[in-house]
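# Examining the three-dimensional arrangement
What follows is each chain in one-letter form.
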Amino acid sequence: MKIAVVGATGLVGGEVLTVLEEFDIPVTELYPVASARSAGKKIAFKGKEYTVVTLEQAIELKPDIAIFSAGGGTSLEWAPKFAEVGTTVVDNSSAWRMDPTKKLVVPEINAKELTKEDKIIANPNCSTIQMVLALAPLHEKYQIKRVVVSTYQSVTGTGKAAVDQLMEERAGKTDGDKAYPHEIDLNVLPHIDVFQDNGYTKEEMKMINETKKILSDDSVHVTATTVRLPVMGGHSESINIEFANDFDLAEVRSILENTPGIIVQDDPANNVYPMPKFAHKKNEVFVGRLRRDESQPNTLNMWNVADNLRKGAATNAVQIAQYLIENNLVG
Ligand code: A2P
């Protein structure tokens, strides 16, 4: 497989390279791609050095798969060009997610919908992926009516500039370049992505709309508040789920324990619950604090944590690539 990693010098692109190695994807040729600023730089992969190329150079090489993590503008312009030369694009940006002609894929839930004709495949938003992986099996069993989610998101989701801002502020430097409109160290910003006319942020609307699309069910109502914290290892979410049907808590636990990609960490007596420091660099979604919402019937509370650069981005994208390869859906 000739695989291009677009945005290879970025935070997500770096994780994509690591996960391609970890999953032992049969990469025969690797094309690390970044902006012209980075062309010529060296990238290490499986013990070898590779030279970073530009998008123009990469397209000439006609990769079988290109995993894009270089922002929405780059994806909008370049994904169709790669698709035109026969490359299957797995896109981490929000550019194609809500396009009705493109599939929005969390492999454990809906990879089976993929065909050879899908040349641009959208990877969902990080916060959506970790939530929906836990929602899908519960929706199938008890029928979700409404979800109320609040997020506690890592600065790594914003990219290198945000990590730099946090580290500089922690070192006492508060007048450097800012990825956020406010200081992030020792602070909490109820603001992720841009505000919309309805008062929600774009991140909140992504969680709402993408969840319905991945579950293929517009009747699932979702409301979200997305929040940035000075945290590094992953995103956390407090999720309140109202079902049409009643549930048994032990059965919920067992369903989640048997869901591929989920690890239940729920032993409050021993202070065991999901945390970003533990989820960091792991490919799974961790759930815990499972309990009934005692304020109304058929309602569950859950705490959910994942490394947003892994299952929220790179791992999910590489799993899509792996599915395409194993099912002969590229080329
Ligand atoms: P570069 O390092 O050359 O700027 P992050 O989100 O962590 O900041 O990473 C963004 C990634 O997307 C980087 O690899 C960056 O490359 C890449 N990138 C940004 N703009 C472009 C572009 N116009 N063409 C190709 N790659 C781009």
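Residues numbered from 1 in each chain as written. Predicted model: local features only at pLDDT ≥ 70, side-chain atom pairs only at ≥ 80, totals over all residues. Heavy atoms only, no water.

## A few points about a nonpolar patch on the surface
Residues Tyr273, Met275 and Phe278 make up a contiguous nonpolar surface patch of roughly 260 Å² in combined accessible area. Note that Tyr273 resides in the loop between strand 12 (262–264) and helix 9 (276–279). For Tyr273, a relative accessible area of 33% gives the class partly exposed. (Patch = residues over 30% accessible without salt bridge, like charges linked within 9 Å, V, L, I, M, F, W, Y side chains within 5 Å. Areas by Shrake-Rupley, 256 points an atom, 1.4 Å probe, with all protein chains shown as cover. Salt bridge = Lys/Arg side-chain N within 4 Å of Asp/Glu carboxyl O. Helix = DSSP H or I, 4+ residues; strand = E, 2+ residues; numbered from the N terminus. Buried < 20%, exposed > 50% of the residue type's maximum accessible area, 1.4 Å probe, protein only.)

## Notes on the domain arrangement of the chain
Partitioning the chain into structural domains gives domain 1 (2–123 + 313–326) and domain 2 (127–307). The centre of domain 1, based on its C-alpha atoms, is set 25 Å off from the matching centre of domain 2. With 22 residues of domain 1 at the interface, the matching set in domain 2 holds 19 residues. For the pairing of domain 1 and domain 2, the buried interface totals around 1600 Å² over both sides, and the portion due to carbon and sulfur atoms is 62%. On inspection of domain 1 and its partner domain 2, the count reaches two salt bridges. Here domain 1 is connected to domain 2 by eight residue pairs in polar contact (both at pLDDT 80 or more). Elements supplying a minimum of two residues to the side of domain 1 that touches domain 2: helix 1 (11–22), helix 4 (107–110) and helix 10 (310–326). Of all the elements, helix 1 adds the most residues to the side of domain 1 that touches domain 2, at four residues. (Domains from an automatic or database assignment. Contact = heavy atoms within 4.5 Å. Buried area = accessible area lost by both parts, 1.4 Å probe. Polar contact = N/O pair within 3.5 Å; in protein donor to acceptor, adjacent residues only side chain to side chain.)

## Digging into the site of the ligand
Around the ligand, the surrounding shell holds 15 residues, and the nearest of these are Thr9, Leu11, Ser35, Arg37 and Ser38. Leu11 places a main-chain nitrogen or oxygen 2.9 Å from an oxygen atom of the ligand. Here an oxygen atom of the ligand and a side-chain polar atom of Ser38 are 2.4 Å apart. Burial of the ligand by the protein chains amounts to 68% of its free accessible area of 580 Å². One can see that the ligand is located within the largest pocket. Partitioning the shell around the ligand into residue classes produces five nonpolar, eight polar and two charged. (Near = heavy atom within 4 Å. 1 Å grid on protein atoms, 1.4 Å probe; cavity = no way out; pocket = protein on both sides within 12 Å on 5 of 7 lines; lining within 4 Å. Sits in = over half its atoms within 2 Å of the grid points. Nonpolar A, V, L, I, M, F, W, Y, C, P; charged D, E, K, R; others polar.)

## Some words on the pairing of strand 4 (residues 48–51)
As paired strands, strand 3 (residues 42–45) and strand 4 are joined by four bridges and run antiparallel to one another. If you follow Phe45 over to strand 4, its bridge partner there is Lys48. From the end of strand 3 to the start of strand 4, which pair antiparallel, there are two residues, and Lys46 there has a positive phi angle of about 50°. (Pairing = 2+ DSSP bridges.)

## A few points about the pairing of strand 2 (residues 29–33)
Buried residues dominate strand 2, accounting for four of its five residues. Sheet topology note: the strand 1 (residues 2–6)/strand 2 ladder contains five bridges and is parallel. Each residue of the ladder has a partner; that of Val6, found in strand 2, is Val33. Between the parallel elements strand 1 and strand 2, the chain passes through helix 1 in a crossover that is right-handed. (Right-handed = clockwise from strand over helix to strand, strands pointing away.)

## Describing the sheet that holds strand 10 (residues 221–225)
Two pairing modes exist for strands in a sheet, parallel and antiparallel, and in both the strands are linked by backbone hydrogen bonds. Ordered in space as 10-9-11-14-13-12, the six strands form an open sheet in which the pairing is mixed. Among the strands making up the open sheet, the edge pair consists of strand 10 and strand 12. Along the sheet, successive strands turn relative to each other by an average axial angle of 25°, direction set aside. Examined bridge by bridge, strand 13 (residues 285–292) and strand 14 (residues 299–306) share six bridges and lie antiparallel to one another. The residue bridging Gly288 from the neighbouring strand is Trp303, located in strand 14. Where helix 7 (residues 202–215) meets the sheet, it contacts strand 9 (144–152), strand 10 and strand 11 (235–243), and its direction lies at approximately 155° from that of strand 10. (Axes fitted to C-alpha atoms, helices over the stretch in contact; angles between N-to-C directions.)

## Thoughts on the packing of aromatic side chains
Taken as a whole, this structure holds eight aromatic pairs when the rule is applied. Taken together, the ring pairs in this structure connect Phe68, Trp78 and Phe82 into an aromatic cluster. Taking the ring centre of Trp78 as reference, the NZ or CZ of Lys81 above it sits at 4.3 Å. Over the face of the ring belonging to Phe247 we find Arg292, whose NZ or CZ atom lies 4.2 Å from the ring centre. (Phe/Tyr/Trp six-rings, centres within 6.5 Å; stacked < 30°, edge-to-face > 60°. Lys NZ or Arg CZ within 6 Å of the ring centre and 35° of its normal.)

## Overview of the nonpolar core
One finds Phe82, Leu138, Val147, Ile241, Leu256, Leu300 and Met302 to be the most contacted residues of the largest nonpolar core, which totals 54 residues. Looking at which domains feed residues into this core, each of domain 1 (2–123 + 313–326) and domain 2 (127–307) gives three or more. Excluding its chain neighbours within four sequence positions, the residues that come into contact with Val147 are Met131, Leu135, His221, Val222, Thr223, Ile239, Asn240 and Ile241. Judged by nonpolar contacts, the second largest core, of 31 residues, contains Ala34, Ala111, Val318 and Ile325. (Core = buried A, V, L, I, M, F, W, Y, C linked by side-chain atoms within 4.5 Å.)

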